[in-house]
Structures are given as structure tokens and as C-alpha cells.
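# Results of the structural survey
What follows is each chain in one-letter form.
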Number of protein chains: 2
Amino acid sequence: MPWSTCWRPPPTADLGRLGLVKGSMELVDLGRSTAVYEGMGAGLEMSGGSGANTAVGVAALGGRVGYIGKVANDTFGATFRHDIRAAGVEEAHISMVPGSDAPDAEVATGRCLVLVSEDGERTMATHLGVAGALGPEDLDEGLLARTQVVYLEGYLWDQPPAKKALRRAMEVAHAGDALVALTLSDPFCVGRHRREFLDLVHGEVDVLFANEEEVMMLFDAQSFDDAVSGVEETGLLAAVTRGAAGSVVVAASGPVGVRAEPVATVVDTTGAGDLFAAGFLYGLTHGYEPEACGRLGGLCAAEIISHMGARPQADLRLLIKEAGLA
Amino acid sequence: MPWSTCWRPPPTADLGRLGLVKGSMELVDLGRSTAVYEGMGAGLEMSGGSGANTAVGVAALGGRVGYIGKVANDTFGATFRHDIRAAGVEEAHISMVPGSDAPDAEVATGRCLVLVSEDGERTMATHLGVAGALGPEDLDEGLLARTQVVYLEGYLWDQPPAKKALRRAMEVAHAGDALVALTLSDPFCVGRHRREFLDLVHGEVDVLFANEEEVMMLFDAQSFDDAVSGVEETGLLAAVTRGAAGSVVVAASGPVGVRAEPVATVVDTTGAGDLFAAGFLYGLTHGYEPEACGRLGGLCAAEIISHMGARPQADLRLLIKEAGLA
């Protein structure tokens, strides 16, 4: 889901007026997206999308990375394509379907209205648009076969064609020598697909990304420790993020806590998980130990939450160099 | 000219590759705008436009303000209209002409590609689009007649229909009790229209905004002091901005220097002059002395250059309260 629009500051009262729940991600149709937009304050627009943010983060760190996605032939789609290539994502395989910018267009590039509260927490109303129509036919199987890690967005599991695409991507990845990484994306998403996600983490998936809520939801755990035990039992390499409390990296040697990087002011938490995954995946594909992967993830997350938007603004390579992690 | 897109960091070498001169504003056609865009890095998009930024700034300070402009019926136009209203500009009279987002559209909302260098300086490639076609027929004369200050963008003087609109706006303003304020906008713009701008400042204009370069260009001055003498001779109320050196406010009692507000990091100078004008005009219409108007301008300029984009992100009312100027 490629596009984001951010607003601040929406007082909590405003979120209620717009029918949104603070901190949540709600899937909306284009009509509701437009209605929410009309009720929102003045904003700024930038490319986004969970998996795309991660890809851009890896590229910003100097990693080689590709991306597979789908946009419509409209302004947001054109800008998304421009931005991901300009950010250094070497192979951006972005299917483009006909579209227009007419307010009643039946086909549109996905867009996410992001309302950022004073405390930096983001609330999202997402219209998936054509991103949800990503299907197996949109996959570049050659790219998938020659990659080290194929990273999948849990968000897409909601959409039948996209789910098929994800299943096919896992097959191709494993037929090659690639690891399959999955992010659980959102607690509500986990709630909707708990059974299937459990099967995945006990089957096709090699690397798991989740936050505290998502992993507790997945393992139906009463405590975070119970959830971590659930992760350990899968035998996966996993990174569970806990906001200001840092992250827990679960590797063969057991779970290790990694503290969060200090941030002067949390401006906008949008993309924190996406950029954590970017840092972690960069580490994983460059020979770093699991704990160092977690530190890399924390550094990238700290950068992204210190400004509006989910695409890095600082020089991530310089950042990890200064932290002694380059 | 309503829309801006910002990029950073473009090394100076990149500006050269794109055929742009650091710190300048170049008018380009849609084809060249697209070509420059293709050569630029990943960006972020937001509403802009010199006069619109000023209007939004006045609204953010709590002032009552209107805006007259022109957009096409495309994505940028819709977002511009949304943002200016959402920012609290009470009367946004924005003519909308048919348009589309097709890459070869003959009619498009104006757009400004802003490249922000590491030192915060901005370089702009502006496609005026339909903004340049603003004509006398787009004026809401009722609004002009009941306003206190009609503020005009020098940038528009380049466009014959817009020039007619500005001339008519000055007539209507003076037929009512409004003051006419003019910003010289850009040194190259002053170079192109020096004779006419001199006639204006010795005639229709009551309040003048300019930066150091523009005012030196206007009065063909060898030194800044000579330029200030030129301003004094006009008898106008004037504010001349000097970047980090603050501003000089010229009033009936003579010129007064106002120091710049300290800024931790200059991120992006785009809109510094626009927001200076916003603070100054808010002061002027709320009974502040000229020097205090200059301080208000400096406060607003300091806010805008501390982040990307030319629309305020901080609470300007709080800012002037904390500075003891509310």
C-alpha cells in the first residue's frame, strides 16, 4: 500500500468525530477515505506503504533490495514509482493498472490517511486501492528466486488475490535458497487471520517480525513472557518490538532484550516497525549477529519516529557508522 | 502558485546536472518540470505557493484572511483547496479550471519543485500552470473591498492576465480603505520588471516586502544602506529581510533593525519570506508597532525554516505568546 498523507495535530476529539480509534489502522473504501480526508486538517503527502518503507530503509542503509507492488496510473501511483526508484530500490517491480484521478475513479492507487496525535501516535484510515489486487501474476519470480530474504506484509493477507501472491512468493523463495520473513503488521490483522498466521509461523516462515500486541494476539498469551515462549517454540528467528521499551530478539540461543535508541522527541510513530525491519534485515543479510540486527532495527526506528512520515530523512549509513555498527 | 514538492539532500553537483542554479527560482514549462522531477531524489509533497503560504501563516496566528488563486481540477488542485481551507483561511476564492492528471495535460495546477541543499538553501523550478492564468475575472471584488490589506505576489507580474488582475486588485483595494502590500518575490523577477515595480512603490503600493537582494536590485543600489535610503524616499512602510542578519523595518520614524530569531538548525529556507510577511501583516492588522511587526515576522520565519516545507507545523499562536508578543 503505497501512499501516505499525514496530519497533525488531530486532537483525540477529532479522531472520534472522524469515527477513528486512536492508534488503530482501519481499512476503508474510497468513499470513506474521501470523507475522512474532508474532515481532516491541512496535511503533507509522501510515499509510504509498510513493505515499501522497509525496502527504502534497506536501500538507505546501502543494502540491495527489490520491491513488488501495484499502483494505478494516477498522480499518487506516479509519485510512488518515482520515489521508490529515486530512493535506490534497485528492482522496483510495480505493476501499473489504468486509472484516473477523478474523485469517483473505480481504480486508484492505495492511500493511507495518517493522523498523528500530539504524543506522536498515529491513527490510520487505509484505502488499499489496487494494492489489494496484487496477484500471483504480478510477481517477478526471477527476482524472488535470486534474493536472500523475501519479506511479506501481513496486511496483504486480507485480500484474496494478494494472499495467493504471498503463498506463491513463499513457494518460489523456498524453491530458491531464500528465507521467508513475515511481519504480522497489525493486531487486528492478526485477530482476523490468527489460525493461518500460526500455521505460517510453524511452517513456511523463517523470520518473524511483530510488535508486542501482535505477538500476544497470535499466541493468545496473557503476558509478554508467555508470548515470547510461544515464539521460542516455533524455532524462528524473530524480532518483537516494544516501542520505548526496545525489542526482544529471539534466536537459537534464546531471547535477548535490546534497548530502544533514545529519541529527543517522538514526532510520528508511523513506520517505526517498517524501519525496524529494514535495519534488522540489513543486518541479517550482512552477517550481523541477531542482537546487532536488533540494534540496527532500533536505530532506524528511532530515526523514523523523530520526524513526520515513514521514509528516512537522515543518512542512515552515517547513523549506523556513528553508532559503531557499520 | 500552489503546490510544492521538496527534496533533500541534493548535492550542488546534482543541481548542475538538472540545469538549476543554487538558490534561484526558475520558471519552467510542464515538460521541463517533468524532466527535472525525473532527475530528482525521493521527495515529499505539500501545498505551497508564496501568497498562499502567507495566508495560511496569518490564519495560523489567529488572523482573519482570504485568498484568491487558481488551480486545475487535478490531484494537486484538490489537495491545495483542501489544505488552505483546513488551515483556517476563511475565504479561499479558488477558481478551478478543468484539468486532468495525464502527463501531457495542457492544463495543470501550478507546481514548484523545491530542492533543499544540506545548508537549508532552496532551489526552485516552478511551473506556474493555471496560476499564471489568474485574471481580473477571478477576483472576488467584494472580498478585496472589505479587507484591511490586499497583499500581492510580485511573482505574478510575469504573467499578462495575472498582471491585469493585480492592477485591478489595487484599484479595488484603494477604492475601499485597504492598504496595498507588495512582495518583490525574487531578484530575477525584480530584474525583469524593475521599471514597473519602481512605479508601483512610488504609486499604488503602501507596504513593501523584499529581501536584501531584491531591494538592492530595485534601487540599483551598490550597498544595502543605499537600498534602505531608496526605500525611505518612497515613504512606504517596508520590511526588508536579511536572512540570518534579521530584518530592517522602515517606518515613518526611520529604519529599525530587528534581529533574527535563533534557529537550532536551518532545515529548509523555503517560505521564509512568505512567513515573515504573515507575521508582519498579522501585526500590522492587530495594532502592533512596526518594530514588533518585524519581530512577529522573524518568529514566523524562524519556525518555517526549522522544518521542510513552507506551511507552519508548530502552533504559531503559542509561539508568539511565549515570545511575549501575543
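Residues numbered from 1 in each chain as written. Chains lettered and ligands numbered in written order. Predicted model: local features only at pLDDT ≥ 70, side-chain atom pairs only at ≥ 80, totals over all residues.

So, about the interface of chain A and chain B. Where interface size is quoted, it is often the accessible area lost as the parts come together. Contact with chain A, which involves 19 residues of that partner, is made by 19 residues of chain B. Counting residues per element, the ones that place at least two in the side of chain A that touches chain B are β3 (43-47) and α4 (75-86) of chain A. Here the residues of the side of chain A that touches chain B are counted per class, giving seven nonpolar, seven polar and five charged. Judged from the three bridges that link them, β3(A) and strand β3 (residues 43-47) of chain B form a sheet pairing that is antiparallel. Bridging across to β3(B), Glu45(A) finds its partner in Glu45(B). (Contact = placed C-beta atoms within 7 Å. Helix = DSSP H or I, 4+ residues; strand = E, 2+ residues; numbered from the N terminus. Nonpolar A, V, L, I, M, F, W, Y, C, P; charged D, E, K, R; others polar. Pairing = 2+ DSSP bridges.)

Residues and elements named next belong to chain B. Most of strand β9 (residues 179-183) is tucked away, with four of its five residues classed as buried. Pairing analysis gives five bridges linking strand β8 (residues 149-153) to β9, with the strands arranged parallel. Residue pairing for β9: Val149 is matched across the bridge by Leu179. Pairing between β9 and strand β10 (residues 207-211): three bridges, direction parallel. Within β10, the residue paired with Ala181 across the bridge is Val207. (Buried ≥ 20, exposed ≤ 12 C-beta atoms within 10 Å, placed from the backbone.)

With that settled, consider the relation of the copies chain A and chain B. It takes a turn of 180° to lay chain A on chain B, together with a shift of 0.0 Å along the axis; the resulting RMSD is 0.0 Å. Both copies of the chain, as the preceding transformation shows, are related through a two-fold rotation axis. Every residue of chain A has its C-alpha some distance from the rotation axis, and the shortest such distance is that of Glu45(A), at 2.5 Å. Residue by residue, 100% of the interface of chain A is reproduced at the interface of chain B, so both copies engage with the same surface. (Least-squares fit on C-alpha atoms with pLDDT ≥ 70 in both.)

We now examine the sheet that holds strand β11 (residues 237-241) of chain B. Residue and element names in this part refer to chain B. Strands sit in the order β8-β9-β10-β11-β12-β13 across an open sheet of six strands; the sheet is mixed. In this open sheet, the two strands that pair with only one neighbour each are β8 and β13 (254-258). In this sheet, neighbouring strand axes are inclined to one another by 15° on average, regardless of whether the strands run parallel or antiparallel. (Axes fitted to C-alpha atoms, helices over the stretch in contact; angles between N-to-C directions.)

This brings us to the sheet that holds strand β6 (residues 111-116) of chain A. The strand order β2(A)-β7(A)-β6(A)-β1(A)-β3(A)-β3(B)-β1(B)-β6(B)-β7(B)-β2(B) describes an open sheet built from 10 strands, whose pairing is mixed. Sheet topology places β2 (25-27) of chain A together with β2 (25-27) of chain B at the edges, where each strand pairs with a single neighbour. Taken pair by pair, the neighbouring strands of this sheet meet at an average axis angle of 20°, ignoring direction. Bridge analysis of β2(B) against strand β7 (residues 122-127) of chain B gives three bridges, and the strand direction is parallel. When the bridges of β7(B) are listed, Glu26(B) appears paired with Ala125(B). Packed on one face of the sheet, α4(A) meets β1 (3-7), β3 and β6 of chain A together with β3 of chain B and runs near 60° to β3(A).

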